[in-house]
Amino acid sequence: MAPKISFELKATDGKARTGVIDTPRGEIRTPAFMPVGTAATVKAMMPESVRATGADILLGNTYHLMLRPTAERIDRLGGLHKFMNWERPILTDSGGFQVMSLAGLRKLTERGVTFKSHIDGSKHELTPERSMEIQKLLGSDIVMCFDECPALPADRNRIAESMRLSMRWAERSRDAFGDRPGHALFGIMQGGLEQDLREESAEALRGIGFDGYAVGGLAVGEGQEAMFGCLDYAPDMLPQDKPRYLMGVGKPDDIVGAVARGIDMMDCVLPSRSGRTGQAFTRQGVVNIKNARHQDDPRPLDASCSCPACSSYSRAYLHHVFRSNEMISGMLLTWHNLQYFQDIMQGMRDAIAVGTFEAWQKDFHDTRAQGDIDPL
Ligand SMILES: [Zn+2]
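The rules behind these values
Residues numbered from 1 in each chain as written. Predicted model: local features only at pLDDT ≥ 70, side-chain atom pairs only at ≥ 80, totals over all residues. Heavy atoms only, no water. Pairing = 2+ DSSP bridges. Helix = DSSP H or I, 4+ residues; strand = E, 2+ residues; numbered from the N terminus. Axes fitted to C-alpha atoms, helices over the stretch in contact; angles between N-to-C directions. 1 Å grid on protein atoms, 1.4 Å probe; cavity = no way out; pocket = protein on both sides within 12 Å on 5 of 7 lines; lining within 4 Å. Points joined across faces, edges and corners; volume = space filled by probe spheres on them. Nonpolar A, V, L, I, M, F, W, Y, C, P; charged D, E, K, R; others polar. Core = buried A, V, L, I, M, F, W, Y, C linked by side-chain atoms within 4.5 Å. Buried < 20%, exposed > 50% of the residue type's maximum accessible area, 1.4 Å probe, protein only. Contact = heavy atoms within 4.5 Å. Donors = N, O, S within 2.8 Å, 3.2 Å for Na, K, Ca; no water. Tetrahedral: all angles 85-135°; square planar, octahedral: opposite > 155°, others 65-115°.

S.K.: How do you make sense of the sheet that holds strand β12 (residues 212-215) when you look at a structure like this?
M.R.: Hydrogen bonds along the backbone pair up the strands of a sheet, which may run parallel or antiparallel. In spatial order, the strands read β4-β14-β13-β12-β11-β10-β6-β5; together these eight strands make up an open sheet with parallel pairing. Among the strands making up the open sheet, the edge pair consists of β4 (32-35) and β5 (58-60). Looking at each pair of strands side by side, their axes are set apart by 25° on average, direction ignored. For strand β11 (residues 184-189) and β12, the ladder comprises four bridges, and the chain directions are parallel.

This is the structure:
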């Protein structure tokens, strides 16, 4: 029998859920945080180091990979897993969001989007069919529907039109994806902050039928309160027995709030991008390691963290390598940030499993509210 992707819900606590997505390339424990490997690498990290933080799955970006080195080249070289030396599951986005945020001279029609590459100005087209083809060439385990997402705030008519176009593209994505045992296709709900449009979108997606469902169109400038307002109802509109993925989120408290509202998967560049600029996420909040207060500090960045940056180096050393623009600076802090995000996910999975998620959340927020340790 052909291998399938399945989702088993193991426990719920309030609206929060924990479970396992079983794939031919290994299990994905949920709630799951997916580090972003934009250009076939999680920047500043070896794949085995990403795995060591506890990541079960990575995200790859269709837009970047189709432009360079191209999906066809990756296919000829044995697929994305082999190419980047990550044998575990990979989810790829559809390219739609990044075309809208990065590419030049975009033209949107019913058929798809034409655009100019931000790298060399060359002309390209993405359609639902082409996006499915690219994600297949990459060998992605979890494929995302091709969709369109307006930045917020946008007026209701624009959001409604865009959502309905995305639902027609979802149907075309489903048809183009076909039947691929061992690979999953996720639909993407749109509708901005309009509850009735979210319901219309959810109904259209449920009618088509997907292996998982994403909440799209959030974390695009609306702010946390508005995002949580939408997440108070949006996940409930999606099937209970399939994974729910919140795209592009987020900061640690966004992630915890999303899980509390029934989200199972998330991705964000924040831990890796911040790691390269000297911003560390710790149990006691955000630390800017470039700040002069750290230059004589022999203590670890986060005494409760098991990562190499915290177990083998001082704040003073981390400060020094950032001030000196040494490559190890981004490597160490990225590792730490990814470790911290995965520790949050593990903490939530454990707490949901035994029904103590509320207490876990209180402790998470109380510890953050303490702020960083006092300077020496
Ligand atoms: Zn650490």
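S.K.: What exactly am I supposed to notice about empty space enclosed by the protein here?
M.R.: The gaps left among the atoms become clear once a water-sized probe is rolled over them. Applying the stated criterion to the full structure yields two cavities of 30 Å³ or more. Taken together, Pro150, Leu152, Ile159, Ser162, Met163, Gln190, Gly191, Gly192 and Gly217 make up the lining of the largest cavity. Taken together, the residues of the lining of the largest cavity sort by class into four nonpolar, five polar and no charged. Lining the second largest cavity, in full, are Arg29, Ala32, Phe33, Gly54, Ala55, Asp56, Gln342 and Arg349. Among the elements of the structure, β4 and α14 (327-354) are those that each provide at least two residues to the lining of the second largest cavity. Taken together, the residues of the lining of the second largest cavity break down into three nonpolar, two polar and three charged.

S.K.: Which parts of the structure should I look at to understand the nonpolar core?
M.R.: Core analysis: the biggest nonpolar cluster contains 51 residues, and Val215, Leu231, Leu246, Met266, Met348 and Phe357 have the highest contact counts within it. Top contributing element to this core by residue count: α14, with seven residues. In this structure, Val215 is in contact with Met189, Arg198, Leu231, Ala234, Leu238, Tyr245, Leu246, Met247 and Ile263, ignoring residues within four places of it in sequence. Counting 28 residues, the second largest nonpolar core, distinct from the first, contains Ala71, Val113, Leu126 and Leu165.

S.K.: How should I be thinking about the coordination of the zinc ion in this particular structure?
M.R.: Ideal donor angles around a metal are set by the shape: a four-donor tetrahedron calls for 109.5 degrees, a six-donor octahedron for 90 or 180 degrees. Distances from the zinc ion to its protein donors, Cys305 (SG), Cys307 (SG), Cys310 (SG) and His336 (ND1), fall within 2.1 to 2.3 Å. Of note is the zinc ion, whose four donor atoms meet at the metal with angles of 98 to 118° in an arrangement that counts as tetrahedral. Mapped onto the sequence, the donors of the zinc ion take the spacing C-x1-C-x2-C-x25-H. Here His336 lies in helix α14 and Cys305 lies in the loop between β16 (285-288) and α12 (308-312), a separation of 31 residues in the sequence. Using a relative accessible area of 6% as the deciding quantity, one classes Cys305 as buried.

Read these as spatial facts, not as claims about activity.
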